[in-house]
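What follows is the residue order along each chain.
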Amino acid sequence: MIDHINALQTSWYLSPPWRETIPPIAVNLLERVFLRTTRTFGYCCGMQWKHECWIYSIDCGKEILHATQNQIIGTGELQAITVQKPAFVLGERVFLCSHDKGTKQRLILGIALVHNSWFYLVELVSPTLAQSRTISNRFSLVGEKSLVRVNV
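All figures in this text were calculated on a predicted structure; none of them were measured in a lab.

Analysis parameters
- Residues numbered from 1 in each chain as written.
- Predicted model: local features only at pLDDT ≥ 70, side-chain atom pairs only at ≥ 80, totals over all residues.
- Heavy atoms only, no water.
- Helix = DSSP H or I, 4+ residues; strand = E, 2+ residues; numbered from the N terminus.
- Buried < 20%, exposed > 50% of the residue type's maximum accessible area, 1.4 Å probe, protein only.
- Contact = heavy atoms within 4.5 Å.
- Salt bridge = Lys/Arg side-chain N within 4 Å of Asp/Glu carboxyl O.
- Phe/Tyr/Trp six-rings, centres within 6.5 Å; stacked < 30°, edge-to-face > 60°.
- Lys NZ or Arg CZ within 6 Å of the ring centre and 35° of its normal.
- Pairing = 2+ DSSP bridges.
- Axes fitted to C-alpha atoms, helices over the stretch in contact; angles between N-to-C directions.
- Disulfide = S-S within 2.5 Å.
- Core = buried A, V, L, I, M, F, W, Y, C linked by side-chain atoms within 4.5 Å.

> Could you give an account of the overall build of the protein chain, with specific residues and numbers?
Of regular secondary structure, the protein chain possesses 1 helix and 11 strands. Put simply, the protein chain has 152 residues, and 34% of those count as buried. Excluding contacts between residues fewer than 6 apart, the proportion of contacts in the protein chain whose partners are at least 24 apart in sequence is 54%.

> Got a sec to walk through the pattern of salt bridges? Specific residues and values, please.
Side chains that differ in charge, positive against negative, can pair when their charged atoms come close. Tallied over the full model, the rule gives 1 salt bridge. Across the pair Glu92 and Arg149 runs a salt bridge whose closest N-O atoms are separated by 2.5 Å. Note that Glu92 is positioned in the loop between strand 5 (72–78) and strand 6 (93–96) and Arg149 in strand 11 (residues 147–149), a separation of 57 residues in sequence.

> Help me get a handle on the packing of aromatic side chains, residues and values and all.
In the structure shown here, the tally under the stated rule is 3 aromatic pairs. For the ring pair Trp49 and Trp54, a centre distance of 5.1 Å and an interplane angle of 80 degrees mean the geometry is edge-to-face. When sorted by exposure, Trp49 lands in the same class as Trp54, which is buried. Between Arg32 and the ring centre of Phe41, over which it is positioned, the NZ or CZ distance is 4.1 Å.

> Describe the sheet that holds strand 6, and please don't skip the residues or the numbers.
Strands sit in the order 7-6-11 across an open sheet of 3 strands; the sheet is antiparallel. Here the strands that pair on one side only, and so sit at the sheet edges, are strand 7 (105–107) and strand 11. Geometrically, the sheet is characterised by an average inter-axis angle of 45 degrees between neighbouring strands, direction not taken into account. Bridge analysis of strand 6 against strand 7 gives 3 bridges, and the strand direction is antiparallel.

> Which residues make up the pairing of strand 3 (residues 53–59), and what values go with them?
With respect to burial, strand 3 is a largely interior element, 6 of its 7 residues being buried. The pairing of strand 2 (residues 40–50) with strand 3 spans 7 bridges and is antiparallel. Across the sheet, Tyr43 pairs through a bridge with Asp59, a residue of strand 3. Here strand 2 folds back onto strand 3 in antiparallel fashion, the turn holding 2 residues, of which His51 has a positive phi close to 55 degrees. Between strand 3 and strand 4 (residues 64–67), which pair antiparallel in sequence order, lie 4 residues; one of them, Gly61, sits at a positive phi of approximately 95 degrees.

> How would you sum up the state of the cysteines? Please name residues and give values.
A full pass over the atoms with the stated rule returns 0 disulfides. Cysteine Cys44 is unpaired, with the sulfur of Cys45 as its nearest cysteine sulfur at 6.5 Å. For Cys44, a relative accessible area of 0% translates into the label buried.

> An account of the nonpolar core is needed here, citing residue identities and associated values.
Of all hydrophobic cores here, the largest spans 33 residues; its most connected members are Tyr56, Ile72, Ile108, Trp118 and Leu147. Going through the elements one at a time, strand 1 (31–35), strand 2, strand 3, strand 4, strand 6, strand 8 (110–114) and strand 9 (117–123) are the ones with two or more residues in this core. Considering each element in turn, this core owes the most residues, 5 residues, to strand 2. If we ignore the near neighbours within four places in the chain, the residues touching Leu147 are Phe88, Val94, Phe95, Leu96, Cys97, Ile108, Tyr120, Val122 and Val142.

If you want it as C-alpha coordinates, here you go:
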(Lines give C-alpha, C1' and ligand atoms only; values in the text may rest on other atoms or scores of the structure.)
Protein backbone atom coordinates (compact mmCIF):
# COMPACT_ATOMS: atom_id res chain seq x y z
CA MET A 1 0.00 0.00 0.00
CA ILE A 2 2.81 2.41 0.88
CA ASP A 3 4.44 1.72 -2.51
CA HIS A 4 1.18 2.76 -4.23
CA ILE A 5 1.02 5.96 -2.21
CA ASN A 6 4.67 6.79 -3.02
CA ALA A 7 4.05 6.09 -6.73
CA LEU A 8 0.99 8.36 -6.69
CA GLN A 9 2.92 11.13 -4.94
CA THR A 10 5.84 10.84 -7.36
CA SER A 11 3.43 11.06 -10.27
CA TRP A 12 1.78 14.11 -8.72
CA TYR A 13 5.01 16.00 -8.04
CA LEU A 14 6.44 15.28 -11.50
CA SER A 15 3.28 16.12 -13.46
CA PRO A 16 3.69 19.69 -14.66
CA PRO A 17 0.70 21.89 -13.86
CA TRP A 18 0.93 23.42 -17.36
CA ARG A 19 0.31 19.98 -18.91
CA GLU A 20 2.60 18.81 -21.77
CA THR A 21 4.67 21.79 -22.94
CA ILE A 22 5.89 24.55 -20.64
CA PRO A 23 4.30 27.84 -21.79
CA PRO A 24 6.73 30.52 -22.97
CA ILE A 25 7.61 33.31 -20.58
CA ALA A 26 6.84 36.91 -21.56
CA VAL A 27 10.00 38.48 -20.11
CA ASN A 28 13.35 37.22 -18.86
CA LEU A 29 14.66 37.31 -15.33
CA LEU A 30 16.34 40.67 -14.64
CA GLU A 31 14.69 42.23 -17.70
CA ARG A 32 13.51 45.82 -17.34
CA VAL A 33 9.73 46.01 -17.76
CA PHE A 34 7.01 48.61 -17.87
CA LEU A 35 4.17 47.83 -15.48
CA ARG A 36 0.93 49.02 -17.11
CA THR A 37 -1.15 49.05 -13.95
CA THR A 38 1.06 51.54 -12.10
CA ARG A 39 2.72 53.12 -15.16
CA THR A 40 6.17 52.52 -13.68
CA PHE A 41 9.34 50.72 -14.67
CA GLY A 42 10.96 47.92 -12.72
CA TYR A 43 12.79 44.70 -13.42
CA CYS A 44 11.64 41.09 -13.32
CA CYS A 45 13.07 39.51 -10.18
CA GLY A 46 11.03 36.32 -10.29
CA MET A 47 8.25 34.27 -11.84
CA GLN A 48 6.03 31.41 -10.80
CA TRP A 49 3.29 29.25 -12.28
CA LYS A 50 0.05 30.10 -10.50
CA HIS A 51 -3.62 30.15 -11.52
CA GLU A 52 -2.86 28.60 -14.94
CA CYS A 53 -0.40 31.35 -15.98
CA TRP A 54 3.00 32.85 -15.21
CA ILE A 55 2.95 35.45 -12.44
CA TYR A 56 5.91 37.84 -12.59
CA SER A 57 7.50 39.56 -9.60
CA ILE A 58 8.53 43.09 -10.53
CA ASP A 59 11.00 45.03 -8.38
CA CYS A 60 9.92 48.67 -8.63
CA GLY A 61 12.51 49.99 -6.18
CA LYS A 62 10.43 50.53 -3.05
CA GLU A 63 8.17 47.53 -3.48
CA ILE A 64 7.80 44.26 -5.37
CA LEU A 65 4.60 43.96 -7.36
CA HIS A 66 3.11 40.88 -9.01
CA ALA A 67 1.67 40.91 -12.51
CA THR A 68 0.54 38.72 -15.38
CA GLN A 69 2.06 38.97 -18.85
CA ASN A 70 -0.84 41.22 -19.95
CA GLN A 71 0.11 43.77 -17.29
CA ILE A 72 3.78 44.15 -18.28
CA ILE A 73 5.77 45.14 -21.35
CA GLY A 74 9.34 43.88 -21.68
CA THR A 75 11.97 46.33 -22.87
CA GLY A 76 14.66 43.80 -23.79
CA GLU A 77 17.14 45.55 -21.47
CA LEU A 78 18.69 43.51 -18.67
CA GLN A 79 19.25 44.97 -15.23
CA ALA A 80 22.95 45.26 -14.45
CA ILE A 81 23.22 43.10 -11.33
CA THR A 82 26.28 41.06 -10.49
CA VAL A 83 24.65 37.77 -9.53
CA GLN A 84 25.30 34.38 -11.05
CA LYS A 85 22.71 32.86 -13.34
CA PRO A 86 20.15 30.64 -11.60
CA ALA A 87 21.40 27.08 -11.14
CA PHE A 88 18.04 25.57 -12.20
CA VAL A 89 15.47 26.43 -14.85
CA LEU A 90 11.69 26.44 -14.84
CA GLY A 91 10.25 22.95 -15.18
CA GLU A 92 13.51 21.21 -14.27
CA ARG A 93 13.42 18.04 -12.14
CA VAL A 94 15.28 18.23 -8.85
CA PHE A 95 15.70 16.27 -5.64
CA LEU A 96 14.62 18.09 -2.51
CA CYS A 97 17.42 17.30 -0.02
CA SER A 98 15.79 18.52 3.17
CA HIS A 99 12.48 16.71 2.73
CA ASP A 100 12.39 13.55 4.83
CA LYS A 101 9.06 11.90 3.94
CA GLY A 102 8.01 10.20 0.71
CA THR A 103 9.38 11.06 -2.69
CA LYS A 104 11.98 13.77 -2.95
CA GLN A 105 11.70 14.55 -6.67
CA ARG A 106 10.05 17.85 -7.54
CA LEU A 107 9.66 20.28 -10.44
CA ILE A 108 10.89 23.87 -10.37
CA LEU A 109 7.65 25.87 -10.56
CA GLY A 110 9.16 29.31 -10.02
CA ILE A 111 12.38 31.28 -9.57
CA ALA A 112 12.96 34.40 -7.45
CA LEU A 113 15.90 36.66 -6.68
CA VAL A 114 15.89 37.48 -2.96
CA HIS A 115 18.73 39.57 -1.50
CA ASN A 116 21.05 38.66 -4.41
CA SER A 117 20.42 34.90 -4.07
CA TRP A 118 18.26 32.69 -6.26
CA PHE A 119 15.43 30.72 -4.70
CA TYR A 120 13.25 28.11 -6.38
CA LEU A 121 9.55 27.42 -5.90
CA VAL A 122 8.73 23.76 -5.32
CA GLU A 123 5.67 21.97 -4.02
CA LEU A 124 6.47 20.65 -0.55
CA VAL A 125 3.34 18.59 0.08
CA SER A 126 0.70 17.15 -2.20
CA PRO A 127 -2.89 18.39 -1.91
CA THR A 128 -5.19 16.70 0.56
CA LEU A 129 -8.91 16.13 0.52
CA ALA A 130 -9.32 17.53 4.02
CA GLN A 131 -8.37 21.11 4.82
CA SER A 132 -5.22 21.21 6.97
CA ARG A 133 -4.95 23.70 9.82
CA THR A 134 -1.16 23.42 9.99
CA ILE A 135 -0.24 23.81 6.31
CA SER A 136 -1.65 26.91 4.66
CA ASN A 137 0.63 26.84 1.61
CA ARG A 138 1.86 23.66 -0.09
CA PHE A 139 4.57 25.57 -1.97
CA SER A 140 7.84 27.00 -0.69
CA LEU A 141 10.88 28.89 -1.93
CA VAL A 142 14.02 26.86 -1.27
CA GLY A 143 17.66 27.71 -1.78
CA GLU A 144 20.03 26.15 -4.27
CA LYS A 145 21.80 24.16 -1.53
CA SER A 146 18.55 22.32 -0.75
CA LEU A 147 18.21 21.01 -4.32
CA VAL A 148 20.12 18.52 -6.47
CA ARG A 149 19.72 18.21 -10.24
CA VAL A 150 18.09 14.99 -11.46
CA ASN A 151 19.90 13.43 -14.41
CA VAL A 152 17.11 12.20 -16.68
